[in-house]
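# Examination of the molecular architecture
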Amino acid sequence: MEILDLPPSEAARLIPLLQDLHALHVEHQPARYPAAPSDTALALWLQEWLQAENITALIAESPQGALLGYVIYGVEHRPPLPVLFEETRVMVHHIATAKAFRRMGVGQALLTVVKQRAKTLGIGTIATTYAPFNKTSAGLFESQGLKPVLTMAEWRA
């Protein structure tokens, strides 16, 4: 397995894994997520998002060129507030692994590279959010040393 940067022009490669990840969210929280977004809409959105200066997509690829998984992360800078310290952090926005390759270390490998890149940039904080139903993500992030520090709650009519 090789971890590679994914250029924005190849964003469409992520669509099958993104559709799978999105379907999980729709299944558990249908009032929050629209069902079955089109591949075209996703491709346009991903390509535009990945063109942002502070956003990076990494892929895990097999020696044969198969997409095993991906992670999308960004570098965020928060200015100091009277109630919050200034911070630059890496925010993991998405991580997904192809079904056939789950529980084989793909997510671990992707997050290890994210950590290495954060350290290279002098960034000592990595953050993420994940849904309470997503025990797989919770386990992956905890195995990488990320611990829950906030809980977000919402009401929907």
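Heads up: the structure comes first, above all this text.
The structure displayed is predicted, hence computed values, not measured ones. (Residues numbered from 1 in each chain as written. Predicted model: local features only at pLDDT ≥ 70, side-chain atom pairs only at ≥ 80, totals over all residues. Heavy atoms only, no water.)

To continue, consider the packing of helix H3 (residues 106-120) against helix H4 (residues 135-143). Viewed as axis vectors pointing N to C, H3 and H4 meet at an angle of 45°, and their least axial separation amounts to 10 Å. The angle between H3 and H4 falls in the class oblique. Of the two possible hands of crossing, H3 and H4 adopt the one that is right-handed. Touching Gly107, Gln108 and Leu111 of H3 are Leu140, Phe141 and Ser143, all from H4. In terms of residue class, the contact of H3 with H4 is built from three nonpolar, three polar and no charged. (Axes fitted to C-alpha atoms, helices over the stretch in contact; angles between N-to-C directions. Helix = DSSP H or I, 4+ residues; strand = E, 2+ residues; numbered from the N terminus. Parallel < 35°, antiparallel > 145°, perpendicular 65-115°, else oblique. Left-handed = near helix turned anticlockwise from the far one by under 90°. Contact = heavy atoms within 4.5 Å. Nonpolar A, V, L, I, M, F, W, Y, C, P; charged D, E, K, R; others polar.)

On to the sheet that holds strand E4 (residues 87-97), then. Strands belonging to one sheet form pairs held by backbone hydrogen bonds; the direction of such a pair is parallel or antiparallel. Pairing in this open sheet of five strands is mixed, and the strands run E1-E2-E3-E4-E5 from one edge to the other. Two strands in the sheet have a free side with no partner beyond their single neighbour: strand E1 (2-5) and strand E5 (126-128). Each adjacent strand pair in this sheet contributes to an overall mean axis angle of 30°, direction not counted. Relative to strand E3 (residues 67-78), strand E2 (residues 55-61) runs antiparallel, the two sharing seven bridges. Looking at E3, one finds that Thr56 is bridged to Tyr73. (Pairing = 2+ DSSP bridges.)

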